[in-house]
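One letter stands for each residue in the lines below.
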Amino acid sequence: MVSTRSAGPVRKDELTVAEAGPPRRSRHFALAHPYAALAPTVDVALRAVRLEALLSDPYDAANPYGYACHAPGADRTGTAAQRTSVEAAVLGEFVPAARGGRFTSADDLVRVLRPLLRRDLALGHAHGARALLAAQERAEPVPDRVGEFAALLGPAALIAAAGTVLRGAVRTVAERGRTDPGVRQWRGPLAAAFADLLACEALVAVGLRATALPQGGGRAVRAAVGYAVPIVVGGVLDELDLVLTECGRSADGPERRMLAKLVADLPGAGCGPADVGAYQSDLVRELPSLARAFERRSDTTGAVLLRLGDAMPARSVPPAPEGDDTLVGVLTGAAARLSTAVAGGEAVTAALARAAGRLVSEQRALHGPCLAAAHAGRADPAVRALADRQSMLLLAAAVLGVQGAAAGRGLFLGGEHWSLLVLTRIAGRLGIGPGGPGGPGGPADIEARQRVWAELDGRDRLGVDCDLYATRVLW
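Caption draft 1: A look at empty space enclosed by the protein. On inspection of all chains with the given rule, the structure shows five cavities of 30 Å³ or more. Volume-wise, the largest cavity comes out at about 240 Å³. In terms of lining, the largest cavity is formed by 25 residues, of which the most central are Val110, Arg111, Arg114, Glu201 and Tyr469. Mapped by element, the contributors of at least two residues to the lining of the largest cavity are α2 (42-55), α4 (106-117), α6 (146-177) and α7 (187-210). Here the lining of the largest cavity gets seven residues from one element, more than from any other, and that element is α4. In the lining of the largest cavity, the residues fall into 15 nonpolar, one polar and nine charged.

Right, dumping it as structure tokens:
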């Protein structure tokens, strides 16, 4: 199913995602590489590949599920057969297996849907939302706490769609950087953008897995997803727009047009300013409970909630601690683990340990104010600022937790370079960024950016998505 389109000149009447043409990879890639570095079950992989095949070649200008749909006035209806097949495939993912569907878990569901979500934010979110409502009408809703999952679907779609724009920017910089050394300056910013998307996906993944917990588990995580993900990804989109502009891509070109449409679609996907404000209010409500979780914290490194790819226990056997407690505990646990690994370790490990230590100190400083937030109104600017800072700490905790759970398995996800970039940027957002060798522009930061860029560029060459799992794409 891999595209065999030529990478030659593009006709004027043909819409493609990048001036350089389709992805830079061999047509025989599918025969030589696994589906994903962190592989799902065979069934999940086959369902995702089937959906991507139904969506067809995104570089086909006549495909309503392709990148040409970003053009003004583009026909997005497609043939009735294709539309019916895609809608039926998506609906089946929301219906429990016991009722004839294919749903097993929320995180597997999003992995299956990602081929659709990365095509177009509005299109992917609309299909998912319609399927969720339809599943409610014909069977037990999946998951049965519909509101919780619906709150996570928009951010998941946003991350996937932003990843498509990132891949186009990577291709632009890689191709032009061959002949123009000045373009190579954008490798570092793209590496940092990649790390930020991985961080947001880690937080969403924890939120999705928390839907398997007893009622109420992971409320703060979901609020942090709804608040922090649109803000962080919004910053990534601004950076991508700058890179594409500086590389000579015009505003009416396919890459920046795709980006502009993504930004315009944010409100419809539940990721607009009003939605962000509402989730900030939800997070304000959870501040006292997070402060109490900090008081009873324990090292939750390696908790099942953080082990992406592993099945969550049945709800009748709830893991301990629950979702919000897990992230609060993992931040302090990871900082302690890293501090002991510094001796004889690499510069990146030392820099990551210092960054994690600063964030733990920040969490301690927020403890008292978060407890006192129980007596403040949700509109109070001071407590809303607290919620903003707490969301960044939960994001950092998700990164350290997911990275730590994958460490030692030979995966990029388990390495420290991408997590260092994320934590450095989070510390900068909080105004507690490190200086010296561990800070931006220092040796550890430079090494991290180089390693993450190499991973990102290599993925584009090999036709691998920029997701946590390093999933192969058909096109």
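Caption draft 2: Molecular detail of helix α13 (residues 381-406). In this model α13 runs 38 Å from its N-terminal to its C-terminal C-alpha over 26 residues, within 8% of the 38 Å that 1.5 Å per residue would give. Counting buried positions along α13 gives 21 out of 26 residues, so the element sits mostly inside the fold. Its side-chain oxygen placed 2.9 Å from the backbone nitrogen of Ala382, Asp380 serves as the N-cap of α13. Positive backbone phi, at 80°, marks Gly408, one or two positions downstream of α13.

Caption draft 3: Summary view of the environment of Val173. Following the sequence through the fold, Val173 ends up in helix α6. The exposure class assigned to Val173 is buried, which follows from its relative accessible area of 1%. The spacing of Val173 and Cys247 is 74 residues in sequence and 7.3 Å in space, taken between C-alpha atoms. Residues in contact with Val173, not counting those within four places in the same chain, are Val183, Trp186, Arg187, Leu190, Val243, Cys247 and Trp453.

Caption draft 4: Spatial organisation of the packing of α2 against α4. Orientation of α2 relative to α4, taken along the N-to-C sense of each, is 20°, at an axis distance of 8 Å. Taken together, the axis directions place α2 and α4 in an arrangement best described as roughly parallel. The two elements α2 and α4 cross, and the hand of that crossing is right-handed. Of the residues in α4, those in contact with Val44, Arg47, Ala48, Leu51, Glu52 and Leu55 of α2 are Asp108, Arg111, Val112, Leu113, Pro115 and Leu116. Grouping the constituent residues of the contact of α2 with α4 by class yields eight nonpolar, no polar and four charged.

Caption draft 5: Structural view of the packing of aromatic side chains. Here the structure, examined in full by the defined rule, presents three aromatic pairs. Ring centres of Tyr59 and Tyr67 lie 5.4 Å apart, and the angle between their planes is 80°; this geometry places the pair in the edge-to-face category. Per residue, the accessibility class of Tyr59 equals that of Tyr67, and both read buried. Ring centres of Phe194 and Phe412 lie 5.9 Å apart, and the angle between their planes is 5°; on these two criteria the pair is classed as stacked. Here Phe194 is found in helix α7, whereas its partner Phe412 is found in the loop between α13 and α14 (417-429), with 218 residues between them in sequence. When the ring centre of Tyr469 is taken as reference, the NZ or CZ atom of Arg111 above it lies at 3.6 Å. Over the ring of Phe294 we find Arg297; its NZ or CZ atom is 4.0 Å from the centre of that ring.

Rules used throughout
Residues numbered from 1 in each chain as written. Predicted model: local features only at pLDDT ≥ 70, side-chain atom pairs only at ≥ 80, totals over all residues. Heavy atoms only, no water. 1 Å grid on protein atoms, 1.4 Å probe; cavity = no way out; pocket = protein on both sides within 12 Å on 5 of 7 lines; lining within 4 Å. Points joined across faces, edges and corners; volume = space filled by probe spheres on them. Helix = DSSP H or I, 4+ residues; strand = E, 2+ residues; numbered from the N terminus. Nonpolar A, V, L, I, M, F, W, Y, C, P; charged D, E, K, R; others polar. Expected span 1.5 Å × (residues − 1). Buried < 20%, exposed > 50% of the residue type's maximum accessible area, 1.4 Å probe, protein only. Polar contact = N/O pair within 3.5 Å; in protein donor to acceptor, adjacent residues only side chain to side chain. Contact = heavy atoms within 4.5 Å. Axes fitted to C-alpha atoms, helices over the stretch in contact; angles between N-to-C directions. Parallel < 35°, antiparallel > 145°, perpendicular 65-115°, else oblique. Left-handed = near helix turned anticlockwise from the far one by under 90°. Phe/Tyr/Trp six-rings, centres within 6.5 Å; stacked < 30°, edge-to-face > 60°. Lys NZ or Arg CZ within 6 Å of the ring centre and 35° of its normal.

Structural measurements only, silent on function.
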